[in-house]
Amino acid sequence: MITVSILEDDDTIKADDWCRPLAIVSMSGGSSDSYSFKSCYSGTPENNVKWVQVKHVFGKCWFGEPVSEFNRECEAFEFLRGTPPKEHQLDMRGYNSFSSNR
């Protein structure tokens, strides 16, 4: 068993925290192409989107900011502190546009 902490609105975001979106918009755009990941019964988050470290997807300007501020300015995300199981992590190796391999 592992222990992770789901961050609440007043918790601050750290570079090594993990995050995942609560909704995804398809590449064709438009709100009609939005996929929600909230249970229609309970309203709680429900998805199979993998976790990624904050430092791989958001700029330093968000480090130290509260979760509530991020979710007010951007799409809704959930954040956790601790390391999720490997099979629930998105492997970001090779996705860095500034990689020296290009």
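Residues numbered from 1 in each chain as written. Predicted model: local features only at pLDDT ≥ 70, side-chain atom pairs only at ≥ 80, totals over all residues. Heavy atoms only, no water.

Draft legend 1. Molecular detail of the nonpolar core. By size, the foremost hydrophobic cluster in this structure holds 11 residues: L7, I13, C19, V52, V54, F58, W62, V67, F70, F77 and F79. Apart from residues no more than four positions distant in its own chain, F70 is found in contact with I13, F58, W62, E75, F77 and F79. (Core = buried A, V, L, I, M, F, W, Y, C linked by side-chain atoms within 4.5 Å. Buried < 20%, exposed > 50% of the residue type's maximum accessible area, 1.4 Å probe, protein only. Contact = heavy atoms within 4.5 Å.)

Draft legend 2. Examining the pairing of strand 6 (residues 77-81) more closely. For strand 6, the buried fraction is high: 4 of the 5 residues fall into the buried class. Pairing of strand 1 (residues 5-6) with strand 6, which is carried by 2 bridges, proceeds in the antiparallel orientation. Across the sheet, the residue bridging to I6 is L80, located in strand 6. With 4 bridges connecting them, strand 2 (residues 18-21) and strand 6 associate as antiparallel partners. The residue bridging C19 from the neighbouring strand is F79, located in strand 6. (Helix = DSSP H or I, 4+ residues; strand = E, 2+ residues; numbered from the N terminus. Pairing = 2+ DSSP bridges.)

Draft legend 3. Local environment of the packing of aromatic side chains. Scanning the entire structure with this criterion turns up 6 aromatic pairs. Taken together, a centroid distance of 4.7 Å and an interplanar angle of 70° make the contact between F58 and F70 edge-to-face. Taken as a pair, F58 in the loop between helix 1 (54-57) and helix 2 (67-73) and F70 in helix 2 lie far apart in primary sequence, 12 residues in all. A residue is classified by how much of its surface remains accessible, and F70, at 0% relative accessible area, is buried. Considering the side-chain rings of F77 and F79, the 6.3 Å spacing of their centres and the 35° angle between planes classify their relative orientation as tilted. These aromatic residues form a ring-pair network of at least three members: F58, W62, F70, F77 and F79. (Phe/Tyr/Trp six-rings, centres within 6.5 Å; stacked < 30°, edge-to-face > 60°.)

Draft legend 4. Layout of the environment of G59. Tracing the backbone shows G59 in the loop between helix 1 and helix 2. For the pair G59 and A15, spaced 44 residues apart in sequence, the C-alpha to C-alpha distance is 9.0 Å.

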